[in-house]
Amino acid sequence: TALPLQSIVESWTNQLQVMLKHVAVSFPPDFKYELEATQKASWAFLDSRTSRIDVTRIGAKRVNLVGSFNDWSGQLQMTGSPADGKFRIKLRLPRTKHLFKLVVDGEWTTDSKNPEEIDANGFKNNYIVVS
């Protein structure tokens, strides 16, 4: 019977802790917090899924994506063809709901063919739920 990935990683972590008790190593005071943050990020990646977002923007030269998954900074260029207006992107996202917007030729907008909602600040966004 296969063990769940979390059980395997916890077992390795426990074995590593036992081995480290016998090694003289000193860590900076903030190492524990950095390690915890790294573990959380690693678990988020392991528990993520590849997701694809498709949009159609006839006449657009460039379509970028920005959203809660990258803290609304740094636009990700979608691949596609201005000729047929179909653009797409694949992202590895943690299992949760992610808000996003398109930046079409420099203009921020949403896509009516993807689910939309109004956020707490009154802005309309698209969203994708990764499960």
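I will try to describe carefully the structure that is included in this document.

Quick notes on the rules
Residues numbered from 1 in each chain as written. Predicted model: local features only at pLDDT ≥ 70, side-chain atom pairs only at ≥ 80, totals over all residues. Heavy atoms only, no water. Helix = DSSP H or I, 4+ residues; strand = E, 2+ residues; numbered from the N terminus. Buried < 20%, exposed > 50% of the residue type's maximum accessible area, 1.4 Å probe, protein only. Contact = heavy atoms within 4.5 Å. Areas by Shrake-Rupley, 256 points an atom, 1.4 Å probe, with all protein chains shown as cover. Core = buried A, V, L, I, M, F, W, Y, C linked by side-chain atoms within 4.5 Å. Polar contact = N/O pair within 3.5 Å; in protein donor to acceptor, adjacent residues only side chain to side chain. Pairing = 2+ DSSP bridges. Salt bridge = Lys/Arg side-chain N within 4 Å of Asp/Glu carboxyl O.

### Overview of the overall build of the protein chain
Logical step 1: The secondary structure content of the protein chain amounts to two helices and nine strands.
Logical step 2: When the 131 residues of the protein chain are sorted by exposure, 25% land in the buried category.
Logical step 3: Look at the contacts in the protein chain between residues 6 or more apart in sequence, and 64% of them connect residues 24 or more apart.
Logical step 4: A total accessible area of about 9,300 Å² is found for the protein chain, and carbon and sulfur atoms account for 55% of it.

### Some remarks on unusual backbone geometry
Logical step 1: A positive phi angle, near 60 degrees, is found at Asp-71, a position not held by glycine.
Logical step 2: Take Asp-71: it is sitting in the loop between strand 2 (63-67) and strand 3 (76-77).

### Considering the side chain of Ser-51
Logical step 1: Of note, Ser-51 is situated in strand 1 (residues 48-56).
Logical step 2: Not counting chain neighbours up to four residues away, the residues in contact with Ser-51 comprise Ile-89, Lys-90, Leu-91, Leu-93, Ile-128 and Val-130.

### Let's talk about the nonpolar core
Logical step 1: Core analysis: the biggest nonpolar cluster contains 15 residues, and Ile-53, Val-55, Val-63, Leu-65, Met-78 and Leu-102 have the highest contact counts within it.
Logical step 2: If you list the elements that add at least two residues to this core, you get strand 1, strand 2, strand 5 (86-94) and strand 6 (97-104).
Logical step 3: The greatest single-element share of this core, amounting to four residues, is contributed by strand 5.
Logical step 4: Not counting the four nearest positions on each side in its chain, Val-55 is found in contact with Val-63, Met-78, Gly-85, Lys-86, Phe-87, Leu-102, Asp-111 and Asn-114.

### Describing the side chain of Arg-57
Logical step 1: Looking at the element boundaries, Arg-57 is found in the loop between strand 1 and strand 2.
Logical step 2: Side-chain polar atoms of Arg-57 contact the backbone oxygen of Thr-110, separated by 2.6 Å.

### Here we look at the pairing of strand 2
Logical step 1: Where burial is concerned, most of strand 2 is hidden: five out of the five residues are buried.
Logical step 2: The alternating pattern of strand 2 places Val-63, Leu-65 and Gly-67 on one face and Asn-64 and Val-66 on the opposite face, and all of these are buried.
Logical step 3: Examined bridge by bridge, strand 2 and strand 6 share five bridges and lie antiparallel to one another. Residue Val-66 lies in a different strand from strand 6, and its bridge partner there is Lys-101.
Logical step 4: Examined bridge by bridge, strand 2 and strand 3 share two bridges and lie antiparallel to one another.

### Things to note about the pattern of salt bridges
Logical step 1: Summed over all chains, the structure comprises four salt bridges.
Logical step 2: Salt-bridge contacts for Arg-52 lead to Asp-54; the nearest nitrogen and oxygen are separated by 2.9 Å.
Logical step 3: With a relative accessible area of 45%, Arg-52 lands in the partly exposed category.
Logical step 4: For Asp-54, a relative accessible area of 36% gives the class partly exposed.
Logical step 5: When the shortest N-O distance is used, the salt bridge between Asp-111 and Arg-57 registers 3.2 Å. With a gap of 54 residues between them, Asp-111 in the loop between strand 7 (107-109) and strand 8 (116-118) and Arg-57 in the loop between strand 1 and strand 2 connect regions that are remote in the sequence.
Logical step 6: Where salt bridges share partners, they join Arg-52, Asp-54 and Arg-88 into one cluster.

Shape descriptors only; they carry no functional weight alone.
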